[in-house]
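Letter by letter, the chains look like this.
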Amino acid sequence: MVLLAVLGLAACAHARTTARPVPNPSLDLPQGNLTVAGSGGPKLSLHVQIAETAQSRERGLMGVKKMPDQVGMAFLFGEPTSTGFWMKDTLIPLDIAFWDSKGRIVATSTMTPCTAESCPVYQPATTYVGSVEMNAGLLAARGIKTGDKVILTR
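Everything quoted here is computed from the prediction, not taken from an experiment. Residue numbering note: each chain is counted from 1, following its sequence as written. In keeping with the predicted nature of the model, local features appear solely for residues at pLDDT of at least 70, side-chain atom pairs appear and are counted solely at 80 or more, and the whole-chain, interface and lining totals rest on all residues. Excluded from the side-chain calculation are hydrogens and water; included are all heavy atoms of the structure.

(A) Summary view of the sheet that holds strand E2 (residues 41-51). The strand order across the open sheet formed by seven strands is E6-E5-E8-E3-E2-E1-E9, and the pairing between neighbours is mixed. For this open sheet the edge positions go to strand E6 (105-111) and strand E9 (149-153), each flanked by a neighbour on one side alone. Across the sheet, the mean angle from the axis of one strand to that of its neighbour is 30°, orientation sign disregarded. Only strands joined by at least two bridges in the DSSP assignment are considered to pair. Each helix is a run of H or I in the DSSP string that is no shorter than four residues. Each strand is a run of E no shorter than two, and both are numbered from the N terminus. One ladder, built from six bridges, connects strand E5 (residues 94-99) with strand E8 (residues 128-135); its direction is antiparallel. Residue Leu94 lies in a different strand from E8, and its bridge partner there is Asn135. Each axis is a line fitted through C-alpha atoms, and for a helix only the stretch in contact is used; angles between axes span 0 to 180 degrees, taken between their N-to-C directions.

(B) Representation of the state of the cysteines. We call a pair of cysteine sulfur atoms a disulfide when they lie within 2.5 Å. If you walk through the whole model with that rule in mind, you get one disulfide. Each sulfur of the disulfide joining Cys114 and Cys119 lies 2.1 Å from the other. Given an S-S torsion of about -85°, the disulfide between Cys114 and Cys119 has left-handed geometry. Summarising the burial analysis for this pair, Cys114 and Cys119 share the class buried. Exposure classes here rest on a 1.4 Å probe applied to the protein chains alone. A residue is buried below 20% of its type maximum, exposed above 50%, and partly exposed in between.

(C) The arrangement of the pattern of salt bridges in detail. Here a salt bridge means any side-chain nitrogen of Lys or Arg lying within 4 Å of a carboxyl oxygen belonging to Asp or Glu. In this structure the tally under the stated criterion is five salt bridges. Taking the shortest distance from any N to any O, the salt bridge between Arg154 and Glu52 comes out at 2.6 Å. Here Arg154, found in the segment after E9, pairs with Glu52, found in the loop between E2 and helix H2 (54-59); they are 102 residues apart in sequence, far enough to count as distant. Given a relative accessible area of 61%, Arg154 falls into the exposed group. With a relative accessible area of 36%, Glu52 lands in the partly exposed category. Ionic pairing is found between Lys88 and Asp89, a salt bridge with its closest N-O pair at 3.7 Å. The exposure class assigned to Asp89 is partly exposed, which follows from its relative accessible area of 33%. Among the charged side chains, a salt-bridge network with shared partners connects Lys43, Lys145 and Asp148.

Next up, the structure:
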């Protein structure tokens, strides 16, 4: 009987620590959940890796060959920025949504892969404090638009 209880506890512990999929397993980054909601309620929920340092933001999703639709990468900045994103050595098309200090989406874009030396820069026309990258097509498929609310929890 004691053995069964120990095995049951071990199984429960394993279930709690089973890793969730992440977009770039080569980066050991903090993780969280990001929800985008409109006036009618939640539109999208993603499990995200959180890039908060210059090095992790620069690396981002470079080299990722495929990514499940339920995951993405959030990029956080300590203060409002207008920094652009590029797709150098990024192998999959991505959508990106930028949000302001109030958590409202201020711009979105669809970005195409680039392996050339010179790649386009995707830069919103306004400042932002965070952004999230996900598989291309998800923003349109879920009806996500400027003004929707972003909630990021760790």
